[in-house]
Every structure is written in structure tokens, then in C-alpha cells.
Amino acid sequence: MAPTAAPAAAAAAAGAAKGAAPAPASALAGLGRSSGRPGSSSARSHEAGPAAQIRPGRSRSPCGRSGQGRHRRSVPPRPRGGAAPVPLSPVRSSGRAMPRSRCPFPALPVLRWLPRYRRAWLPPDMLAGLAVALTAVPQALAYAELAGLPLQYGLYSSFMGCFVYFFLGTAKDVTLGPTAIMSLLVSSYAFHEPVYAVLLAFLSGCIQLAMGLLQLGFLLDFISCPVIKGFTSAASITISFNQIKNILGLQGIPRQFFLQVYETLRRIGETRAGDAVLGLTCLAALTALRAMKSHLPRAAPVEPLATRISYLIVWISATARNALVVLFAGLVAYSFQVMGSQPLTLTGSIPRGLPAFRPPCFSVATPNGTVPFQGMVQDMGVGLAVVPLMGLLESIAIAKAFASQNGYRIDPNQELLALGVANILGSFVSSYPITGSFGRTAVNAQSGVCTPVGGLLTGTLVLLSLAYLTSLFYYIPRAALAAVIISAVVPMFDAGIFRTLWRVKRLDLVPLCVTFLLCFWEVQYGIVAGVLVSGILLLYSIARPPIKVLEGNVLLMQPGSSLHFPAIEWLRDTVCSRALTAASPPRSVILDCCHISSIDYTVVVGLAELLQELHKHGLSLAFCGLKDPVLQVLLSADLEGFQHFPSREEAERCGGAEPWGSRAEPFTSTTESSGLIQ
């Protein structure tokens, strides 16, 4: 009897459009479609691959025609040709999506949607671009302060990503620019030196671009959710406490977290009253405006005009809350300056004008001599791995979240290319490393953006502020910028994740807590340690797969996952300890392989040794439920005494396996052992 096999079915789930964007979310059809390269991950992201074709093998089972249980080997014929891919329609959001544009440059997503751009999409795109710009400019100044760089570098980092993503991005909502996480990492690896920060952006962009070209985005999958949550929660606390010194007006506070806590508490008596009052006032205003926006009901078109205008005013005020608070604080500081007294700590002068377009410096002059490129790379050390990986992780996670919410799909490898090119070109205009911003992306989506055209307006407004408004930034109090940063990072702390993991899987608390605690010491140590702990747990689960045991005259064992070389010794020890135990007579073994989809050569060698060991005791080992790839590997290995059944039921009907010449006793009864062997 030939074993039966069912082909795997391909399925795709469409994300529901749950966003609150007033404009149609489907303004792009090319955004989120595959680039069309055969074998690319972009094609895998948006089209279902061919269904798995498993043809029944022609090898006979031990219950064949002869009735002797003798296995006849014949390798199953290979399929003559692969099944043609069955494309699935891209997930579309509500509204009419643009048709695919036929363009000769599939690597440029802009050419897929721009030729079909509609005039009706321009107003919501412009509104979204303006709203994001009002958020981006004050945040850029604040994040440069967090990175330990002159404030103009925050603005230098805020426009190139907008322009690059217009051409290369696949998500309509995402905005690239400086973020709190990237600023924290830059402060750790750039040593408050702009030359190091710009070079770090260039090298990070090269790494990200290479990963995109080589389609290595899957490496990010090895950073587990507990590690990410532990890092972001710890970063929320460290970034917030780092800004307490600016809220209180303290100077000379060290950057190491524990020393920072000690010094802040020791010198709290030196608090400047003006900075503290203004900083707490700005923080309270930002919190109130955020809460107001989250509870703001949507105005229906049938509402009176006055009601709709009031709704619009409140919505704009809440959306542009960072700009309003910074503007208010600047007016207060300017008023004190006019009166001749200044109780506030100001940001000071910011150079006016656009940055020069030039490559980053590959050496830096110091009082002790010139540090060459190799020395700068050594100084940045592990930051050359942490910064690009965390940038990719943050950007792709944000893109996936908003694509799922608004009903379209992204191309992860294209996102890697976009971020890499943005960082490379950004380094030519003195940018430090950038990534996707969750806060500004949320503003973009809630403003009803339809395409990345809104990013053009955002980048243009940042350039205009650099050209004409830097003299006004002199009066922005540092306490107000600190309030903007704290308001942005506090929501990153996820207290519920500890309770959730305790309820769902307590073992995942280990990488979470390791990452969370070590990030207070050094960020890189926390991330690396968390990834290592997660990897160890993953490897342990591979090396010790669960094995279900059914007792009877014939011992039936069922591994719960695929077998790889770390697990074969565990399987051998388990089989021998159960089959050859002194507490019961020796029994032959049936190995149910229904959950095993792949094996390697070490496993084949281990199974051959297990067959020989059982044969020495007059027992046999038979296999059932073998999948076609596994069966082909075992048949190719030509194992002595190898027998297989199409299914467990047939193995039971045939009385199990034959011990190479004598029949085993019928499989009469089974009693499940006390659970899984872990």
C-alpha cells in the first residue's frame, strides 16, 4: 500500500483597516506590492507561493501483498516540474486602490503609484505633511539634545529621510527621522562627537543597504519580542530620567544611569525654580493634550459648522502639541529676556543655514593626534551592529504595524533598502542615524495621509526652518525640550508585558528581565545578553523536543517537532531507556514521524546506530507517518533494517515492525505515559 500524502494549502489573511484616518487609506496601490523579482522576499510578502507538491511514494509498506512485512525500496519519482505560483491579491484597504503601474524600474516603488496619483489625495497629504512637520521640528531639537549633539544636528537628520522614503518606501504612513531610541544609542557610541555620529550614520546605512540587497531581513526575526520589550521599557526609563536634570536645571550630571540617579538625588537642592516650574507645566500640558486627543470624538458631517470648526481646532492643537508647547515656552523665555532677567536655561545659538553636502569625515583630529578610520571603527565597536539592527527593527516593526492597521502590505527588503539609502545620503548632510518614528508615523496616519507625498512637505518645512527660523530657536528653554522627550518616551514603557508573560509563558520572562536590567548598565550589554538568552532557549527547545510515548506490547514514540543534530542523542536515550528497561520485557519500537518535516545527516547516522543497537537485543525500529522529504533522505541513506508504514493505524494493524526475520507480537493495547518527555 502506498502512503498517502495531502498537499499543503496556501492561505493568506487580510489585515482589517482599523485606523482612524479620515481620508481613504488605499491611496496607494503600488505601495506594499512586490517588486516582481523572482525568488525575492518581496514576492513572498505579497503573493502566495506554490502549494507544496507531495507525491505519494511507491515503496511498499510491511503490510504489502506478500504478507511477510518485507520492505521494497523504490525512490519516489521526482515531480517533472514545479507548480505555477498561485498569486493572491494584495491586501487592499477601504476605497479604490490605484492600479499597478507598468514601469521598467521595479526597485523604485514611487513609479508604481505616482503615475496614478489623484488630485483628491493632495489636500490630506498636505495636511499630514504639515502636522508631521509641526511635530518633527521640536522633536528634532530635543532628540539632538538627547544624543549629546549640537541641536542643529537634529534638524540635519530630519529631512533627508522624508525625501528618500518618497522614492523608495512601501508604506504610506511611515516617516523617517531621529527617534529617542536612536538618539540614546548615538549618545552611547558617538561620544558626543558629531564626526562620530555622522560616520555612524554612513556605516549603519551601508550595513542596512547590504542586508536589503542580500535579503537578510530574516535576521531580525532572531530578536524576540521579550528582548524588544525589555529594551524599549528600559530605554523609556533611562531616557526619561536623563531629562530630569534639564527639568530641574542641573548641570554636570554624569550619563551612566546609576551615577545619574545618585547625583540627581544628591544635588536636588540645587534645582532652578524657573526651569522646574516651566518644565513641569509643559509636561502637564503635553499629557493633557495627548489625553484630549485620545478621547476626542469624531465630528459627523451632519454636525453644525461651529461644532466641526471646534473639533478641527482641538484636533490641530492636540496633534501639534509639541510645537505649541515649545512655542509657548519660547514666548515665556523671550518675555523674561526683554524684561532683563532670565530664570530659564536656554538652548542658545543655532547656526543658520542648510548643511553642506559632503561625504562624512573618515578621520578626526584630537589633541593627541589624528584618529584614522580604523581607530574610529574600533571606538564605535559593537555599536556598528547594534545601531543598524535596532534601526531596522524599529522601522520595519512600525511599518508592519501601520500596514496591518490600514489594510496594505509592505516589502520588508525594500524597507531595508530605503532605510539604508536614507542613512547613507543623510550622512552627506551631517545626519546622525535615523529610523522610523512611531510618534510621527501615528500623526501621519491619523492626519489621513494617502501617499508618501506628505513626506515631501515635511522635509521642505524642516529645510525652511533651518534656513530662516534658527535664530528663534535661541529662546527655546531646555526644560521644554526635556518635557517633549519625556512625553514621547513614557508610552514606550510596557508594564503589562511582565504580567502577560507570567500568564502566557513564564520562561520568556528570563530574556525580558535580563535585557531590561542590563540595559540600565549599558544598552549594548542588555541587547546582546537578551539575544543570547533567547538563542539559548531556542537551541534548548531544538535539542530537547517533546516526545510523546504510548506504552504497549510495541512501544510507540512520537517526537513533537523536527529532528536536528542536537536532538538525536536525546531521542536515542529516550528510546533505549523505554524499550530496554529492566522493569518490563524488551519491546520493538514504532517511531511516529508525523511532526518531523526535516532531518539532517547527523540524525540519519544516529538513527542507523539506534537500529543497530535495537537489533542487538532482537528488536526492531519501524517508522510511520514519514513526510516525503524525510522519506527520501532515509531511503537515500540505505539504512540496514529500515522499515516504514504509511500511517500509525497501519502499523498497529500489521503488529508493529519486524525484528529482521521474526514477527513482533500484535499491538494489543496502549496506555499513554504521564505526559510529554521534555
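Scroll up to find the structure this text is about.
Owing to the predicted nature of the structure, the values given are computational and were not obtained by experimental measurement.

*Asks:* For this particular structure, what's the right way to read the overall build of the protein?
*Replies:* If you tally the helices and strands in the protein, you get 25 helices and 10 strands. Looking at the protein residue by residue over its 678 residues, the buried ones come to 51%. Taking the intrachain contacts of the protein between residues at least 6 apart in sequence as the baseline, contacts between residues at least 24 apart amount to 78%. Surface summary for the protein: the accessible area is close to 30700 Å², and the carbon and sulfur share equals 63%.

*Asks:* Can you walk me through helix α6 (residues 180–189) in this structure?
*Replies:* An α-helical turn contains 3.6 residues, so any two residues separated by three or four positions project in the same direction. Of all 10 residues making up α6, 9 are buried, and the element is well covered by its neighbours. Of the residues making up α6, those classed as buried are Ala180, Ile181, Met182, Ser183, Leu184, Leu185, Val186, Ser187 and Tyr189. In the segment just after α6, Phe191 is the residue with positive phi, at about 55°.

*Asks:* What is the right way to read the pattern of salt bridges from this model?
*Replies:* Under the defined criterion, the tally for this structure stands at 11 salt bridges. With its nearest N and O atoms 2.9 Å apart, the salt bridge here joins Glu263 to Arg266. You can see Glu263 and its partner Arg266 sitting in helix α9 (residues 257–266), 3 residues apart, about one turn around the helix. Residue Arg266 is classed as exposed on the basis of its relative accessible area of 52%. Residue Arg572 pairs with Glu569 through a salt bridge whose shortest N-O separation is 3.5 Å. Here Glu569 and Arg572 lie together in helix α22 (residues 568–579), a separation of 3 residues that amounts to about one turn. Take Arg572: its relative accessible area is 15%, and that puts it in the buried class. Of the residues examined, Glu569 reaches a relative accessible area of 43% and is grouped as partly exposed.

*Asks:* Help me understand the packing of aromatic side chains, please; the structure alone is not making it clear to me.
*Replies:* For any two aromatic rings, the description comes down to two numbers: the centre-to-centre distance and the angle of the planes. Scanning the model with the defined rule gives 21 aromatic pairs in all. For the pair Tyr334 and Tyr475, a centre-to-centre distance of 5.1 Å together with 90° between the ring planes defines the contact as edge-to-face. Residue Tyr334 is found in helix α12 (residues 321–339), and its partner Tyr475 is found in the loop between α17 (453–468) and α18 (478–489); the two are separated by 141 residues along the sequence. Taking relative accessible area as the criterion, Tyr475 reaches 23% and is therefore assigned partly exposed. Here a set of aromatic residues connected by ring pairs shows up, and it is made of Phe241, Phe257, Phe258, Phe498, Phe516 and Phe520. If you follow Arg506 out to its NZ or CZ, it ends over the ring of Trp502, 4.0 Å from the centre.

*Asks:* How should a nonpolar patch on the surface be read in this particular structure?
*Replies:* Residues Phe218, Leu219, Phe222 and Leu538 make up a contiguous nonpolar surface patch of about 380 Å² in total accessible area. In this fold, Leu538 is placed in helix α21 (residues 523–543). What makes Leu538 partly exposed here is its relative accessible area of 42%.

*Asks:* What am I meant to see in the environment of Leu539 here?
*Replies:* Relative to the elements of secondary structure, Leu539 occurs in helix α21. Sequence separation between Leu539 and Pro566 is 27 residues; the distance between their C-alpha atoms is 8.4 Å.

*Asks:* Mind showing me how you'd approach the side chain of Ser430 here?
*Replies:* Within the element layout of this structure, Ser430 appears in the loop between α15 (412–427) and β4 (435–436). Given the relative accessible area of 12%, Ser430 is considered buried. Apart from the residues lying within four places of it in its own chain, the contact partners of Ser430 are Tyr153, Tyr156 and Val198.

*Asks:* What is the right way to read the side chain of Thr170 from this model?
*Replies:* Within the element layout of this structure, Thr170 appears in the loop between α5 (160–168) and β1 (176–177). A polar atom in the side chain of Thr170 sits 2.6 Å from the side chain of Glu415.

*Asks:* I tried to follow the nonpolar core on my own but got confused; where do I start?
*Replies:* Where a protein is soluble and globular, its nonpolar side chains tend to be buried together. Of all hydrophobic cores here, the largest spans 104 residues; its most connected members are Leu141, Leu155, Leu185, Val186, Phe231, Ile239 and Met390. The dominant element in this core, judged by the number of residues it contributes, is helix α14 (residues 383–406), at 11 residues. Contact partners of Leu185, with chain neighbours within four places excluded, come to Phe231, Val386, Val387, Met390 and Val523. Listed in part, the 33 residues of the second largest apolar core include Leu555, Leu571, Val575 and Leu621.

*Asks:* I'm lost on the pairing of strand β5 (residues 547–551) in this one. Help?
*Replies:* Side-chain positions along a regular strand alternate between the two faces of the sheet. With 4 of 5 residues buried, β5 is to be regarded as a mostly interior element. Bridge count between β5 and strand β6 (residues 555–559): 4 bridges; the pairing is antiparallel. Looking across to β6, one finds that Ile547 is bridged to Pro559. Connecting the antiparallel pair β5 and β6 is a turn made up of 3 residues.

*Asks:* Any chance you could explain empty space enclosed by the protein here in plain terms?
*Replies:* Think of a ball as big as a water molecule: rolled over the atoms, this probe shows where empty space is left. All chains considered together, the criterion is met by 6 cavities of 30 Å³ or more. Reported here for the largest cavity is a volume of approximately 110 Å³. Along the walls of the largest cavity sit 16 residues, with Val174, Thr175, Asn444, Pro452 and Gly455 positioned nearest its centre. For the lining of the largest cavity, the element with the highest residue contribution is α5, accounting for 4 residues. In terms of residue class, the lining of the largest cavity is built from 8 nonpolar, 7 polar and 1 charged.

Cut-off values and rules
Residues numbered from 1 in each chain as written. Predicted model: local features only at pLDDT ≥ 70, side-chain atom pairs only at ≥ 80, totals over all residues. Heavy atoms only, no water. Helix = DSSP H or I, 4+ residues; strand = E, 2+ residues; numbered from the N terminus. Buried < 20%, exposed > 50% of the residue type's maximum accessible area, 1.4 Å probe, protein only. Contact = heavy atoms within 4.5 Å. Areas by Shrake-Rupley, 256 points an atom, 1.4 Å probe, with all protein chains shown as cover. Salt bridge = Lys/Arg side-chain N within 4 Å of Asp/Glu carboxyl O. Phe/Tyr/Trp six-rings, centres within 6.5 Å; stacked < 30°, edge-to-face > 60°. Lys NZ or Arg CZ within 6 Å of the ring centre and 35° of its normal. Patch = residues over 30% accessible without salt bridge, like charges linked within 9 Å, V, L, I, M, F, W, Y side chains within 5 Å. Polar contact = N/O pair within 3.5 Å; in protein donor to acceptor, adjacent residues only side chain to side chain. Core = buried A, V, L, I, M, F, W, Y, C linked by side-chain atoms within 4.5 Å. Pairing = 2+ DSSP bridges. 1 Å grid on protein atoms, 1.4 Å probe; cavity = no way out; pocket = protein on both sides within 12 Å on 5 of 7 lines; lining within 4 Å. Points joined across faces, edges and corners; volume = space filled by probe spheres on them. Nonpolar A, V, L, I, M, F, W, Y, C, P; charged D, E, K, R; others polar.

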